[in-house]
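# Remarks on the overall topology
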Amino acid sequence: MRFTTVDYIIFALLLILSSAIGLYYALSGGKQRTTQEFLLANRNMGFIPVSLSLLATFQSAVAILGVPSEIYRFGTEYWFLGCSYFLGLLIPAYIFIPVFYRLRLTSTYEYLELRFSKAVRLCGTITFIFQMVIYMGVVLYAPALAFNAVTGISLWGVVLTMGLVCTLYTTLGGLKAVIWTDVIQTLVMFAGQLAVIIVGTAKVGSIQEVWNITMSHNKISGINFNPDPFVRHSIWSLGIGGIFLMLSLYGVNQAQVQRYLSSRTEKEAILSCYAVFPCQQLVLAMGCLTGLVMFAYYQKNEIQNPEMIAVPDQLVLYFVMDILKDFPGLPGLFVACLFSGALSTISSAFNSLATVTMEDLIKPYFPSLTESKATLLSKCLAMMYGLLCLGMAYISSLMGSVLQAALSIFGIVGGPLLGIFSLGFFFPFTNTIGAISGLVAGLLMAFWIGIGSFVDRMADSPAPMLNVTSPPDLGNVTTTVMTTLLTSAVATKSLSGLKKFHALSYMWYSAHNSTTVVIVGILVSLLTGPTKGRDVDPRTVYLVLPKLLFFLPERYKERLRFGVPHIAEVGERHATTLLKDKLNSPNPNVEEKSCNGFLNGSAKGAEKDDMEEHYAGFSRCNGGHSYIVQETSL
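Residues numbered from 1 in each chain as written. Predicted model: local features only at pLDDT ≥ 70, side-chain atom pairs only at ≥ 80, totals over all residues. Heavy atoms only, no water.

### A closer look at the overall build of the protein
Of regular secondary structure, the protein possesses 23 helices and 0 strands. Per-residue burial for the protein yields a buried fraction of 58% across its 634 residues. In the protein, the share of contacts with a sequence separation of at least 24, taken over all contacts with a separation of at least 6, comes to 85%. Surface accessibility of the protein: about 25200 Å² in total, with carbon and sulfur atoms responsible for 65%. (Helix = DSSP H or I, 4+ residues; strand = E, 2+ residues; numbered from the N terminus. Buried < 20%, exposed > 50% of the residue type's maximum accessible area, 1.4 Å probe, protein only. Contact = heavy atoms within 4.5 Å. Areas by Shrake-Rupley, 256 points an atom, 1.4 Å probe, with all protein chains shown as cover.)

Written as structure tokens, this is what we have:
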């Protein structure tokens, strides 16, 4: 089973098209001459390309390979993750996106400085960089491993090719190139998966036959209501734990927030989040159907050359090459689909990493940096992270199942990041010491559980076969043995005491770690002196209690604000200050901006709630993008 010439041509066309899009945006429009254009696509993107890019960013080759393999081995229980998508996308649309968009941020971690301090911003940035660098390695390694299994091309040769192509178009074309290549790659992903499902179902007989076979082998899972957090999958871990995972991905992750911020308007940013919901459900359904069709097919047909499947994640591409071998071009389409997922995710990571490094680690300390130098440096950073990704791919080869590895990374590191943003948004009395203490506690807890689980798993299972270019001699391996090997869960030894936490379901990582950050952050803040409400900018918090308990009398709802002023009140106070300054100024017609970041703006006669809804803008005097709250005639 090897690629034909047509397959190689289709695969090469994808790489050429991706590079061409990067070259086009490097030579057209603003030619990526400003950081605004390179990092935020000039804040001029529509919601459809943004939503497809949001989908593609984390629906990578990990999902295309990992979900069918998960369904093949353990049944359809993973499908219940779709229950978490509703709240996991609704909360970002209603809470996170409006705040981030109105603040006119470039880096998500600028918010942490506005809400807490520079130290908290720095901690958040470094944590994010660590998370994405590790994740990039998993995303790059997964499709290269599968590609190596069916073509015989060197594993690390494929890794190098993918990494360089991705680095090229990201460095040349900026965020516009990343988003539009994501759109093309998303369509290719849908086409590739659909082709496999249709042909595989036809070879099994019918969709009814697929259902009957999978039902008879107990692959159609019922709802597992077991509340035990150490059970790998249950409705609770997938439904509730999945919400926290989705929030860490679509609510506060720089790669996603950067796309929201590239939208033309706040409304389009919110619409892009809504549009992801049906697409996510469709992608999940296609992955699960692929796994069911694959299982049914191999119940009716023997696995030829099972020794070629070094790890379970190679099974999907093996299956594709098996059923599509009589259709020249379709194997190439699916591999292009696989690599589209990887390229879209990696390019997003490069761009977001370059953004946070420039905005959080360089610009604040080099304020005199010119726009042309900043743009050039941003491109160099994108290239540097691209090369770093190649090195991380090797480490990823030691992490086992790519799906579990990827979700574990987001739970281990993304969970604490979600926790520190939650402290800022929902608990206005928390302070800098509490935020940093919570983040450190969350990361320590996360790595203790995550690394402990990884070490235990490595001790219980043999190392994977890497860089397999020729089938090893394993003797007579029957289909029955191979199927049993691929469909059985790895046996885990019984743990007790604190080590029991190493067996915590990876779907709970994000919820557990973010909750740790919130609890420690609140306790430390209360012990060290909580922040007074009048010192909190109302644009940086979301007062959830007054909104949830809307039926209470007004005086009780005011108490639940913890002393945080209304935006209208802040505008009125600042307008008075500006009026005095202008009257004392030699030229009272000149508009001034104070260093606390607010522009003049009180809307006389406007209701407070209307002010909060419509004039929640924010402006910074540190060189960031200005957003005028409101202009009034004083």
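### Some remarks on a nonpolar patch on the surface
Together, Leu 122, Ile 126, Tyr 365 and Phe 366 make up an exposed nonpolar region whose accessible area comes to about 410 Å². Counting through the fold element by element, Tyr 365 comes out in the loop between α14 (330–362) and α15 (371–396). (Patch = residues over 30% accessible without salt bridge, like charges linked within 9 Å, V, L, I, M, F, W, Y side chains within 5 Å. Salt bridge = Lys/Arg side-chain N within 4 Å of Asp/Glu carboxyl O.)

### Topic: α14
With 33 residues, α14 should cover 48 Å at 1.5 Å per step; its first-to-last C-alpha distance of 46 Å lies within 8% of that length. Within α14, 30 of the 33 residues are buried, which leaves the element mostly enclosed by the surrounding structure. (Expected span 1.5 Å × (residues − 1).)

### Some thoughts on the side chain of Ser 263
In this structure, Ser 263 sits in the loop between α11 (254–261) and α12 (266–300). Ser 263 sits in the buried class, given a relative accessible area of 0%. Those residues in contact with Ser 263, other than ones at most four positions away along the chain, are Arg 43, Met 45, Val 50, Tyr 101, Glu 268 and Ala 269.

### A closer look at the side chain of Ser 117
Its place among the elements puts Ser 117 in the loop between α6 (110–115) and α7 (118–151). In contact with Ser 117, not counting residues within four places along its chain, are Leu 112 and Thr 432.

### Some remarks on the packing of aromatic side chains
Tallied over the entire structure, the rule returns 22 aromatic pairs. Ring geometry for Phe 100 against Phe 421: centres 6.0 Å apart, planes inclined by 85°, an arrangement best described as edge-to-face. Placement of the pair is Phe 100 in helix α5 (residues 85–102) and Phe 421 in helix α16 (residues 402–426), with a sequence separation of 321 residues. Owing to a relative accessible area of 2%, Phe 100 belongs among the buried residues under this scheme. With a centroid separation of 5.6 Å and an interplanar angle of 80°, the aromatic rings of Phe 100 and Phe 425 are classed as edge-to-face. (Phe/Tyr/Trp six-rings, centres within 6.5 Å; stacked < 30°, edge-to-face > 60°.)

### Re helix α10 (residues 235–250)
Along its 16 residues, α10 runs 21 Å from first to last C-alpha, staying within 8% of the 22 Å computed at 1.5 Å per residue. Of all the bends in α10, the greatest measures close to 35° and is centred on Gly 242. Counting buried residues along α10, 13 of its 16 residues qualify, which places the element largely inside the surrounding structure. (Bend = angle between axes of the 7 residues up to and from the residue.)

### Comments concerning the pattern of salt bridges
Tallying each qualifying case throughout the model produces 8 salt bridges. Arg 264 is the salt-bridge partner of Glu 268, the closest N and O atoms lying 3.3 Å from each other. For Glu 268, a relative accessible area of 17% gives the class buried. A salt bridge links Lys 363 to Glu 359; the nearest nitrogen and oxygen atoms lie 3.2 Å apart. Residue Lys 363 is classed as partly exposed on the basis of its relative accessible area of 27%. Residues joined by salt bridges that share partners form a network here, namely Glu 113, Arg 121 and Asp 360.

### Concerning the packing of α5 against α11
At a minimum axis distance of 10 Å, the contact between α5 and α11 shows a crossing angle of 65°. In terms of crossing hand, the pair formed by α5 and α11 is right-handed. Residues Ile 97, Phe 100 and Tyr 101 of α5 form the contact with α11, whose participating residues are Val 257, Tyr 260 and Leu 261. In terms of residue class, the contact of α5 with α11 is made up of 6 nonpolar, no polar and no charged. (Axes fitted to C-alpha atoms, helices over the stretch in contact; angles between N-to-C directions. Left-handed = near helix turned anticlockwise from the far one by under 90°. Nonpolar A, V, L, I, M, F, W, Y, C, P; charged D, E, K, R; others polar.)

### A look at the nonpolar core
The nonpolar side chains of a soluble globular protein tend to be buried with one another. Phe 100, Tyr 111, Tyr 298, Ile 346, Phe 421 and Phe 425 are the most contacted members of the largest nonpolar core, which totals 138 residues. Among the elements that take part in this core, helix α8 (residues 155–204) stands out by supplying 15 residues, more than any other. Those residues in contact with Phe 421, other than ones at most four positions away along the chain, are Phe 100, Thr 108, Tyr 109, Tyr 111, Leu 112 and Val 252. If you look at the next biggest cluster of nonpolar residues, it comprises 7 residues, including Phe 38, Met 358, Ala 374 and Ala 382. (Core = buried A, V, L, I, M, F, W, Y, C linked by side-chain atoms within 4.5 Å.)

### Focus: the packing of helix α13 (residues 315–323) against α14
Interhelical geometry of α13 versus α14 gives an angle of 155° and a closest axis separation of 9 Å. Between α13 and α14, the crossing angle belongs to the class labelled roughly antiparallel. Every pair of crossing elements has a handedness; the one defined by α13 and α14 is right-handed. Contacts between α13 and α14 pair Val 316, Leu 317, Val 320 and Met 321 from the former with Pro 331, Phe 334, Val 335 and Leu 338 from the latter. (Parallel < 35°, antiparallel > 145°, perpendicular 65-115°, else oblique.)

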